[in-house]
Every structure is written in C-alpha cells, then in structure tokens.
Amino acid sequence: MNLKLKALTKSLWVFHLCIGGSCNNCDIEILDLLTPRYDVERFGIMLVGSIRHADVLLITGSLSRKAAPRAKRLYEQMPKPGVVVAVGSCALGRGIFKDGYNTPCPLDELIPVDLYIPGCPPKPEAIIDGIVKLIKKVSGGE
Amino acid sequence: MVKLFFSYLIFPGFLFSTVIGLIAGWIDRKVTARIQWRVGPPWYQNFVDLLKLMTKETILPQGNKVTFLFAPLIGLISVTLVATILGRVLVNPAESFLGDLIVILYLLIIPPIAIILGASSSGNPLASTGASREMKLVLAYELPFILSIIVVIIKSAGTIQIGSILNHQTNFGSNLLSWSGIIAFIVAIFCMQAKLGFVPFDVTEAEQEIMAGTLIEYSGLPLAIFKLTKAILVYTMPIFLIILFGAKDLSLLWLIGKYIAFLVLIILIKNTSPRARIDQAIRFFWGPITALAAIAVILALLGK
C-alpha cells in the first residue's frame, strides 16, 4: 500500500449531505458514530463543514427533483480522490418514496456511488462495517 | 548565512515548530476527546491529515487566483519567523536584538491578515462573512493584547528586547507573580484564545453557521498550509506568553511542563465555553477586558 493511499484511508473527512425526502433517522444514526460509544474519531474520521475539505460525500435521503442538481454540483466540487457513500434505504433505492412524483431517480443514476449501506435506518455498527469494507477494497486487501 | 537558514528552516524554525505544533494539535484533540468521554485519535493523526491534504486535488474558485494561492504562504512564512525568533531567544537570550518584541507583535498580526486576504479573494459570500468577522475580531483583541504587553514592558524597566525581559525575570522573579502581572496575564489568555481561533471566539470558522467560514473555498495544499499555520501558532503563542509572563525558570523540563499546563488550560477553556457572537466578542474585548488591561497598566505604573 503506498503512502498516499494510506494517508487517505487513515484520515477520512466526511461531508454529510441530506438530499430531500427523508425522515432524518439516518442522520441521527450517523451522529451516533461520533458519540462516546462508537467514537469514529479514533480512526481519524471527522465531520467537516465544507465540501472542499471532504474526502467522503455521505448522502442520506431519497433524491428529490430540487436536490438533484445540487447533489451533482457538490459531487463535482469534492476534491479528488474522494468517495461517495449512500446511507439508508432511501438513498439506495428511494425507499418508501419509490413512486413519489418528486423523486425522479435513485441516487446512483445521478452520481457514482462507491459504498451502499442498506437499512432503515442502518445501525452504527453497519455503517462502520461498510467503511471498513470500503477501506479494504480501496487499499487492495481482501 | 548557513546558520540563519538552518535556524529558519530546521531547528527552532519551520521543521521543529511544525512537529511540536502538530503534536500540540494532537494533545488538543486527545484532551477534548477525554473530556467528552471518548478515546480520541492516535498521536500521528495530525501528521496523517496534513499528508493527506497535500496529496489532494486543489480546487481554484473564480476570483483572484494569485492572491488566493499566496495568502496561506504569507501567513506561514511570518508565523515561522516568529517561531524562529522565539526559539533562538530561548536557546540563547543574548541573540535577542533591540525591538524584537515589536517585530513579533507585527508578525503575529500577519496570519489573520493572510486569512482575510485569502477569504476575500475567493469570492464566496460565506468566506467574506468570515473575513469580516476575522477583521472585527482582530480589531477587538489587539488593543487589550498590546496593553497587556505594555504591562510587561513597564515591569521589565522599559525594555522592548525579549532577551532582557527574560533576564529581568530571571533576576527579579516572574512577571506573573504580581497584581498587575496576573491581571495582564488573564487578559492575554483571552486575547490568545481569540488569536488562535479557539472556541469562545471561533466565529470566523463557525462550522455550524457559516460552514468553515474563511477556509470554505480552500482545499488540498493551500488548506494544508493554513492548518500548518494554525498548528505553529498553537506552538508559538503559549511560548510567547510564557516568555513574557512566567520566565523565572526556563530550563528544558520546566519549559515543557509550563507549555503543556498552559496548553491544557487553553483546551479546557475551549471545551467548556459556548461560542460568542461577533458583537458579544467585540463588546467583551472592548469593555471588561480593555478595562482590566488598563487597570493592569496603572497598577504596573504604581509598581504593584
């Protein structure tokens, strides 16, 4: 594993984006990751305020018509190399909003998604498991 | 010449202060984590963060690109110069030159100016909000900060040379151990908190309201340089205040002990206070803090 990749995987800065229709429960589960019980700052994972600082674009909620162009712009503004993580059933396949008039397409038809974490909402353990798998895949491990 | 470059780039200067600053940043994160009953990151976390930022893509906004890219460098160069001057004085007080206190005061204002320059040249509305807040904050804390340093000058028999301030304290005891000294020290701690952009006065980078504010458009290497500037500032500011106020015994062990105690004090203030709005911060600095500083100056003139 080269140094560049190692530095990237050891310090993931996360920009959290909620696109449109969602019940915010996934957002609450994500905030759980930062609490003393799970404490992902142990692994260098931090929430940042601006997309320009981020390595991970973390998306929750089902993609709405209004949010689609904004999500696309945010993805384009993220400094590469970076990954997109979709959390929750809504972000994966629109969830219960599948037939909604204002949710035109699933997220991965708009921007490439690197990691899907299913669940409604996914448990914090599931999110950590997903991140570990992604890091292993990126660094060419198992 | 070689010696000058060595001291600027390696020993008390760039490399040394980078390492100390990043480790101080780790102490900050670790103590914060322990206060919040978490485990906190490993000791090399800030080095990894910096390395990662240096390898990332740099996105240039529309606006003045030259100023945008040069602003972080200006800040880094000046703060490294401060670290060099202070480090050389600590190693050998005789190397101090006349008026280096004034030089350091000027150099310490340059990093905020660099942040203001960079933020304004990015053309982002949130960044310009941050820049205007930074400007107001600088105007607010500079007055009491300079008053508290005037107290030190008065107490050290009117010298503006750091070496002789050190010698004076070695002979007559720390400036801290007097009424005017302790009041000026409290004032200086608050001003330092604002200079470092730590919590009661972090309105310029308020992540929850203006999304990293002044740094919002920065990514990759320029952001890394800004983080580095801040890390070196976390190393130099407490050292500066230790030299000014508590320099009775500056053997290596005492210096490290004082520095860490001081750092933890700053972190505790940071973690136990809410964020002040910019108008509250200005009122705070121009009201009670300036009044305290003025009282300290009067006490120092009376010889207390």
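The model shown is predicted, which means the values in this text are computed figures rather than measured ones.

Caption draft 1: Spotlight on the overall build of chain A. Helix and strand counts for chain A come out as five helices and five strands. Shown N-terminal to C-terminal, the secondary structure of chain A runs as helices and strands in the order α-β-α-β-β-α-β-α-β-α. What you see for chain A is a C-alpha radius of gyration of 15 Å, in line with the 14 Å of a compact globule of 142 residues. Considered along the principal axes of its C-alpha atoms, chain A spans approximately 45 × 30 × 30 Å. Looking at the 142 residues of chain A, the share that counts as buried comes to 39%. Intrachain contacts of chain A at a sequence separation of at least 6 include 83% that bridge at least 24 residues.

Caption draft 2: Representation of the overall build of chain B. For chain B, the count of helices and strands is 12 helices and zero strands. Taken from N to C terminus, the helices and strands of chain B fall in the order α-α-α-α-α-α-α-α-α-α-α-α. Taken over C-alpha atoms, the radius of gyration comes to 19 Å for chain B, in line with the 19 Å a tight globule of 304 residues would show. Overall, chain B is about 55 × 45 × 40 Å in size when its C-alpha atoms are taken along their principal axes. Burial statistics for chain B: of 304 residues in total, 49% are counted as buried. Contacts in chain B between residues at least 24 apart in sequence constitute 80% of all its contacts with a sequence separation of at least 6.

Caption draft 3: Quick look at the sheet that holds strand E2 (residues 46-47) of chain A. Residues and elements named next belong to chain A. Strand order in the open sheet formed by five strands is E2-E1-E3-E4-E5, with parallel pairing between adjacent strands. Where the open sheet ends on each side, the last strands, each with one partner, are E2 and strand E5 (115-117). With two bridges connecting them, strand E1 (residues 13-18) and E2 associate as parallel partners. In the strand pairing of E2, Trp13 is matched with Met46. Sitting on the sheet, helix H2 (residues 25-32) touches E1, strand E3 (56-60) and strand E4 (83-87), and the angle it makes with E3 is about 140 degrees.

Caption draft 4: Representation of the pairing of E4(A). Residue and element names in this part refer to chain A. Of all five residues making up E4, five are buried, and the element is well covered by its neighbours. Considered for its hand, the β-α-β crossover made up of E3, helix H3 (residues 67-77) and E4 is right-handed. The sheet contact formed by E4 and E5 spans three bridges and is parallel. Within the sheet, the bridge partner assigned to Val85 lies in E5 and is Leu115.

Caption draft 5: Region of the structure containing the nonpolar core. By size, the foremost hydrophobic cluster in this structure holds 80 residues, and its most contacted members are B:Leu86, B:Ala184, B:Val187 and B:Ile243. Take this core: its biggest share by element is 18 residues, from helix H10 (residues 220-245) of chain B. Contacts of B:Val187, omitting those with residues within four sequence positions, involve B:Pro144, B:Ser148, B:Ile289, B:Leu292, B:Ala293 and B:Ala296. Core analysis: the next-biggest nonpolar cluster, separate from the first, contains 32 residues, A:Leu17, A:Leu57, A:Val84 and A:Val85 among them.

Caption draft 6: How the structure looks around the interface of chain A and chain B. At the junction of the two partners, chain A supplies 18 residues and chain B supplies 26 residues. Of the residues forming the side of chain A that touches chain B, the biggest block, four residues, is contributed by helix H1 (residues 3-10) of chain A. Looking at side-chain class alone, the side of chain A that touches chain B contains five nonpolar, six polar and seven charged residues.

Caption draft 7: Representation of the pairing of E1(A) in the model. Pairing analysis gives five bridges linking E1(A) to E3(A), with the strands arranged parallel. Paired with A:His16 across the two strands is A:Leu58, which belongs to E3(A).

Caption draft 8: Region of interest: the environment of A:Lys136. Note on placement: A:Lys136 falls in helix H5 (residues 124-138). In this structure, the C-alpha to C-alpha distance between A:Lys136 and A:Glu109, residues 27 residues apart in sequence, is 25 Å.

Procedures and definitions
Residues numbered from 1 in each chain as written. Chains lettered and ligands numbered in written order. Predicted model: local features only at pLDDT ≥ 70, side-chain atom pairs only at ≥ 80, totals over all residues. Helix = DSSP H or I, 4+ residues; strand = E, 2+ residues; numbered from the N terminus. Rg over C-alpha atoms; globule rule 2.2 N^0.38 Å. Buried ≥ 20, exposed ≤ 12 C-beta atoms within 10 Å, placed from the backbone. Contact = placed C-beta atoms within 7 Å. Pairing = 2+ DSSP bridges. Axes fitted to C-alpha atoms, helices over the stretch in contact; angles between N-to-C directions. Right-handed = clockwise from strand over helix to strand, strands pointing away. Core = buried A, V, L, I, M, F, W, Y, C linked by C-beta atoms within 7 Å. Nonpolar A, V, L, I, M, F, W, Y, C, P; charged D, E, K, R; others polar.

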